[in-house]
Amino acid sequence: MAWWRRKKQALEQTSESNKVSVPRGLWTKCDACGEITYTAEFVQNLRVCPVCGHHHVMPTKERIAAMLDRDSWQPLDLELRSGDPLGFRDQAAYSDRVAKADRSVGPTDAFTAGFGTIDGLDVSAGFFVFEYMGGSMGSVVGEKVTRVFERALERKIPAVIFSASGGARMQEGILSLMQMAKTSAARGRLRAAGIPYVSVCLHPTTGGVAASFAMLGDVILAEPRALVGFAGPRVVQQTIGQELPPGFQRAEFLLEHGMLDRIVGRLELREQLGLMLRLLAGAPAKAAAALPPAPAG
C-alpha cells in the first residue's frame, strides 16, 4: 500500500502519572549567548556565563557573600527609614512605594552598610541594593553612604562601596540631589586623612551616584560591560544631536578614556580587592604557603 493511503494511527496518550515535570528555575539561559546552564552551577559561578563570560544581575545578598570573608558581615543602620517630606505622589504615593519595596526586598532601603573583612582586612563596606527602587539615592541612602566613610575614618580602616544605581530618587526632590554634596564631603574628609577608598562600579552606575562618590575612589574598578555615566546614552545623544561612538559609557570605553583604573571580572574581584586594599593600606602581604623541598639530584 502506498504511503499516502496508509491510515494514520492515533498517538498513544501519555498518562499524567508518566509525565516528567521539570521544576521552574532549574535551568538559566544566558542573556548574551543563549547558553543554558544548570541554575545551581550558574549561581555557584557568581552568575557569570561559563561560555561567554557575560555578567548577569546578581542579588545583593549573594554579592555580599561573594565579596566578603565568610561570616564577617555586620550590617548597621538598620533603623534608618525613608520619610516622605514632599508628600510626593505620581501613579502611587511615595510612601506606598517605599512600603511595597520593604515588603518585597526588606527594610534596607537601597543601600546596606556595615563592617566586614576582605582577605582578612577590616573594611567599612557598603552595597547598593538595586532591587530596591532601582538603587535610587534618597536621604537614607546618602546618610548610609556618609556613615560608611565616617566609620572608616573613625576606625582608620579602608572603605569599599559597590555601586549600582539609577541615580537620585526623584520622589525626594532637591533633598535627594543634596546627597551628592553630602557624600562627597564625607569622602573628602576620608581622603584628607589618607585612608583608602575603593569604588566598585556595577551595572548600572548612573545619575547622581556616578556624579559623586562612585567616581571619587583612590581606585575605581568596574565589572565588564557595566554601564557607568551621569545620563543614559539615549539622553546624551538627544541632547547633543550627534551619534555616539560604539560602546559609549560602557566600562571598556571609560577605561580607554581614563575614567576607570581597571575592569575586573566578578570571579577575580574579591582577590583583586584584597590585593589592592593591602597595597593601599600598607598591610603586609599574606605569607605564601611553604613549598615542599626540591627533589635531590
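Residues numbered from 1 in each chain as written. Predicted model: local features only at pLDDT ≥ 70, side-chain atom pairs only at ≥ 80, totals over all residues. Heavy atoms only, no water.

**Re the overall build of the protein**
Each helix and strand counted, the protein has nine helices and ten strands in total. The burial tally for the protein puts 42% of its 297 residues in the buried class. Summed over its atoms, the accessible surface of the protein is roughly 17100 Å², and 56% of this surface lies on carbon and sulfur atoms. (Helix = DSSP H or I, 4+ residues; strand = E, 2+ residues; numbered from the N terminus. Buried < 20%, exposed > 50% of the residue type's maximum accessible area, 1.4 Å probe, protein only. Areas by Shrake-Rupley, 256 points an atom, 1.4 Å probe, with all protein chains shown as cover.)

**With respect to the pairing of strand E6 (residues 159–165)**
Taken residue by residue, a regular strand's side chains alternate between the two faces of the sheet. Among the seven residues that make up E6, seven are buried, leaving the element largely enclosed by the rest of the structure. Relative to E6, strand E5 (residues 121–128) runs parallel, the two being bridged by four bridges. Paired with glycine 126 across the bridge in E6 is isoleucine 161. With helix H4 (residues 139–155) bridging E5 and the parallel E6, this β-α-β connection has right-handed handedness. Here E6 runs beside strand E7 (residues 197–206); their pairing, made up of six bridges, is parallel. In the sheet register, phenylalanine 162 faces E7, and the bridge partner there is valine 200. On the question of chirality, the crossover connecting E6 to the parallel E7 by way of helix H5 (residues 174–192) is right-handed. (Pairing = 2+ DSSP bridges. Right-handed = clockwise from strand over helix to strand, strands pointing away.)

**Things to note about the pattern of salt bridges**
Tallied over the entire structure, the rule returns 14 salt bridges. Here arginine 270 makes a salt bridge to aspartate 69, at a shortest N to O gap of 2.8 Å. Separated by 201 residues along the polypeptide, arginine 270 in helix H9 (residues 266–281) and aspartate 69 in the loop between helix H2 (60–67) and strand E3 (74–76) bring together distant segments of the chain. By relative accessible area, which is 32% here, arginine 270 ends up partly exposed. Across the pair lysine 182 and glutamate 143 runs a salt bridge, and its minimum N-O distance is 2.5 Å. Within this pair, whereas lysine 182 is found in helix H5, its partner glutamate 143 is found in helix H4, the two being separated by 39 residues in sequence. (Salt bridge = Lys/Arg side-chain N within 4 Å of Asp/Glu carboxyl O.)

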